[in-house]
Amino acid sequence: MMIETFYRTSVKALIKNSEGKILLSKEENGMWELLGGGLDHGETPQTGLVREVQEETGLKVHSIASQPSYYVTFPVVERSYYAANVIFEAKIDSLDFTPSDECIALEYFSSEEILERDDIYQNVKMVAKLMLEN
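Computed from a predicted model, the values in this text were never measured in an experiment.

Asker: Would you explain the overall build of the chain in this entry?
Answerer: Scanning the chain for helices and strands turns up three helices and eight strands. A compact globule built from 134 residues would reach a C-alpha radius of gyration of about 14 Å, and the chain, at 14 Å, matches this within 12%. Projected onto the principal axes, the alpha-carbon positions of the chain cover approximately 50 × 35 × 30 Å. Within the chain, the fraction of its 134 residues that count as buried is 40%. Carbon and sulfur atoms make up 49% of the accessible area of the chain, which amounts to about 7800 Å² in all.

Asker: Looking at this structure, how should I read the pairing of strand S7 (residues 81-92)?
Answerer: Consecutive residues of a regular strand have side chains that alternate between opposite faces of the sheet. Across eight bridges, the pairing between strand S1 (residues 7-14) and S7 is parallel. Residue pairing across strands places Ser10 opposite Asn85, the latter belonging to S7. Here strand S5 (residues 61-64) pairs with S7 via three bridges, running antiparallel. Bridging across to S7, Ile64 finds its partner in Ala90. Examined bridge by bridge, strand S6 (residues 70-76) and S7 share seven bridges and lie antiparallel to one another.

Asker: Just to check I follow, could you spell out a negative patch on the surface for this structure?
Answerer: Taken together, Glu107, Glu112, Glu113 and Glu116 make up a surface patch of like negative charges. It is helix H2 (residues 111-116) that contributes the most residues to the negative patch, three residues altogether. Topologically, Glu112 is positioned in helix H2.

Asker: What am I meant to see in the sheet that holds strand S2 (residues 22-26) here?
Answerer: Backbone hydrogen bonds are what pair the strands of a sheet, in a parallel or an antiparallel way. Pairing is antiparallel across the open sheet formed by three strands, whose spatial order is S3-S2-S8. The two strands at the open ends of the sheet, each matched to only one other strand, are strand S3 (32-33) and strand S8 (105-109). Summarising the sheet, S2 and S3 pair through two bridges and their orientation is antiparallel. Counted as the bridge partner of Ser25 is Glu33 from S3.

Definitions and cut-offs
Residues numbered from 1 in each chain as written. Predicted model: local features only at pLDDT ≥ 70, side-chain atom pairs only at ≥ 80, totals over all residues. Heavy atoms only, no water. Helix = DSSP H or I, 4+ residues; strand = E, 2+ residues; numbered from the N terminus. Rg over C-alpha atoms; globule rule 2.2 N^0.38 Å. Buried < 20%, exposed > 50% of the residue type's maximum accessible area, 1.4 Å probe, protein only. Areas by Shrake-Rupley, 256 points an atom, 1.4 Å probe, with all protein chains shown as cover. Pairing = 2+ DSSP bridges. Patch = residues over 30% accessible without salt bridge, like charges linked within 9 Å, V, L, I, M, F, W, Y side chains within 5 Å. Salt bridge = Lys/Arg side-chain N within 4 Å of Asp/Glu carboxyl O. Lys, Arg positive; Asp, Glu negative; His and termini not counted. Charge placed at Lys NZ, Arg CZ, Asp CG, Glu CD.

Set out below in structure tokens:
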């Protein structure tokens, strides 16, 4: 028997400040997430990441790594599918963003803070744990 495998692929930005804290975006539902989103067909990860950050925040990404730093997969129970996040280190010029339903606030968190909180998505916690292990 063959089991169908489907992952919703998203590209995410790992933006760190000088202290190594990770920039997260607060969504309207109160949950914190990495900036980024679904990769469109035919789009490079870097192009998709620039587009997603622009759509969510109005911010411009000025630097993206050529290779991902992390790759995590996880179930999205409330939507009944699995997701794959490809996470690239990136840089932005400022935090002067335009609020949207996908970003009502921006804040930096340490990996330890991320792991302690209940209002941060599991994919972000997975990345924080991997960062602490390295």
